[in-house]
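Each chain, letter by letter, is given below.
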Amino acid sequence: MVGAVEVLVSVPQVDNLAYKWITISCNKATYIGLFGLCGRLLDYNLGREVHNKLLKSEVEFDVSVCNAMMKMFKARNVVTWTLILSILTECEWPEDALILFYNMQHGDVVPDETTFSVMLNASAVLFSVKLGNTFHALVEKNGFKGHKNVEDGLMIMYLRTGDIKAAAKHVFRYDDDLSS
C-alpha cells in the first residue's frame, strides 16, 4: 500500500487523478481501503468524496466501514462517535450502533447525555426494554438523569417498548396505580 501512496503522491495534478476513482465500482473492502488511503494522504476532501459515493452506493454501511471512516478523520471525540451512532440508528441499523458504542467505550471516549439519548433510541428501535433499562441505569450512574434529551429518550424508549408504567414512573415521576 505504501508503494501505491508514493506513486499517487508523486504524480503531477494528483487531485485530478485521485478523483477519477469515482467511476470505479467499489465494495466494502474497497471503501475501507480508500478511507485508509485518504487518511494517510491527509486528503480529507477526497475522504468526503469517498463518503458521498458510499452513501449513494448499495454497499452495506456497517461498523467496519464506520471505524475506517473515523480513523481517516482521526475522529476520537464524543461528538463524532455520537453522530455515527445516530446515523446507524436512524438508518435502522441499531445493532451496529450497539457494537460501535461498545467500541467507543473501549476506545476511551466517554459518552455524554446526547450519546445516551441516541442509545435509548436504539433500544426503542430494537423494542428492547431490557437494553433500554441497561442504558437507563448508565444514565443515572453517569449523572445524566434530568437532561431534557435524555428524558425524551427515556420516554420514547419506554413508550415504544410498551412499558407504560416505567414511562410514567421514571419519566413523569408518576407512582400511582396505572392498571385502570
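You'll find the structure just up there.
Computed from a prediction, not measured in an experiment: that's the story for all the values here. (Residues numbered from 1 in each chain as written. Predicted model: local features only at pLDDT ≥ 70, side-chain atom pairs only at ≥ 80, totals over all residues. Heavy atoms only, no water.)

S.K.: Explain the overall build of the protein to me, using residue names and the numbers behind them.
M.R.: Counting its secondary structure elements, the protein contains 11 helices and 0 strands. Starting at the N terminus, the α and β elements of the protein follow one another as α-α-α-α-α-α-α-α-α-α-α. In the protein, which comprises 180 residues, the proportion classed as buried is 38%. A fraction of 59% describes how many contacts in the protein between residues 6 or more apart in sequence connect residues 24 or more apart. (Helix = DSSP H or I, 4+ residues; strand = E, 2+ residues; numbered from the N terminus. Buried < 20%, exposed > 50% of the residue type's maximum accessible area, 1.4 Å probe, protein only. Contact = heavy atoms within 4.5 Å.)

S.K.: Mind laying out the pattern of salt bridges, listing which residues take part and the relevant values?
M.R.: Side chains that differ in sign of charge can pair as their charged atoms come close. Overall, the coordinates contain 2 salt bridges when judged by the stated rule. A salt bridge links E151 to K145; the shortest N-O distance between them is 3.5 Å. (Salt bridge = Lys/Arg side-chain N within 4 Å of Asp/Glu carboxyl O.)

S.K.: Go over the packing of helix α5 (residues 63–72) against helix α6 (residues 78–90), please, and point to the residues and values.
M.R.: Where α5 contacts α6, the axes come no closer than 12 Å and their chain directions differ by 150 degrees. Between α5 and α6, the interaxial angle falls into the category roughly antiparallel. For the pair α5 and α6, the crossing hand works out as right-handed. The residues of α6 that touch α5, namely those facing C66, N67, M69 and M70, are T80, W81, I84 and L88. Residues that form the contact of α5 with α6 fall into these classes: 6 nonpolar, 2 polar and no charged. (Axes fitted to C-alpha atoms, helices over the stretch in contact; angles between N-to-C directions. Parallel < 35°, antiparallel > 145°, perpendicular 65-115°, else oblique. Left-handed = near helix turned anticlockwise from the far one by under 90°. Nonpolar A, V, L, I, M, F, W, Y, C, P; charged D, E, K, R; others polar.)

S.K.: How would you sum up unusual backbone geometry? Please name residues and give values.
M.R.: A positive phi is found at F127, a non-glycine position, where the angle reads about 55 degrees. When you line up the elements, F127 lands in the loop between α8 (113–125) and α9 (129–141). Residue F127 is classed as exposed on the basis of its relative accessible area of 51%.

S.K.: Please set out the packing of helix α3 (residues 28–41) against helix α4 (residues 44–56) residue by residue, giving values where relevant.
M.R.: Axis separation between α3 and α4 bottoms out at 9 Å; the angle between their running directions is 165 degrees. One element, α3, and the other, α4, form an angle in the roughly antiparallel class. The two elements α3 and α4 cross, and the hand of that crossing is left-handed. Across from Y31, L34, F35 and C38 in α3, the residues of α4 making contact are L46, G47, V50, H51, K53 and L54. Here the contact of α3 with α4 is composed, by residue class, of 7 nonpolar, 2 polar and 1 charged.

S.K.: I'd like a rundown of the nonpolar core, residues and numbers included.
M.R.: Within the largest apolar cluster, 42 residues are counted, with the highest numbers of intra-cluster contacts made by F35, L85, L100 and M119. Ranked by the residues each element gives to this core, the list is headed by α5, at 7 residues. Apart from residues lying up to four places away in sequence, F35 is in contact with G47, V50, H51, L54, V65, A68, M69 and M72. (Core = buried A, V, L, I, M, F, W, Y, C linked by side-chain atoms within 4.5 Å.)

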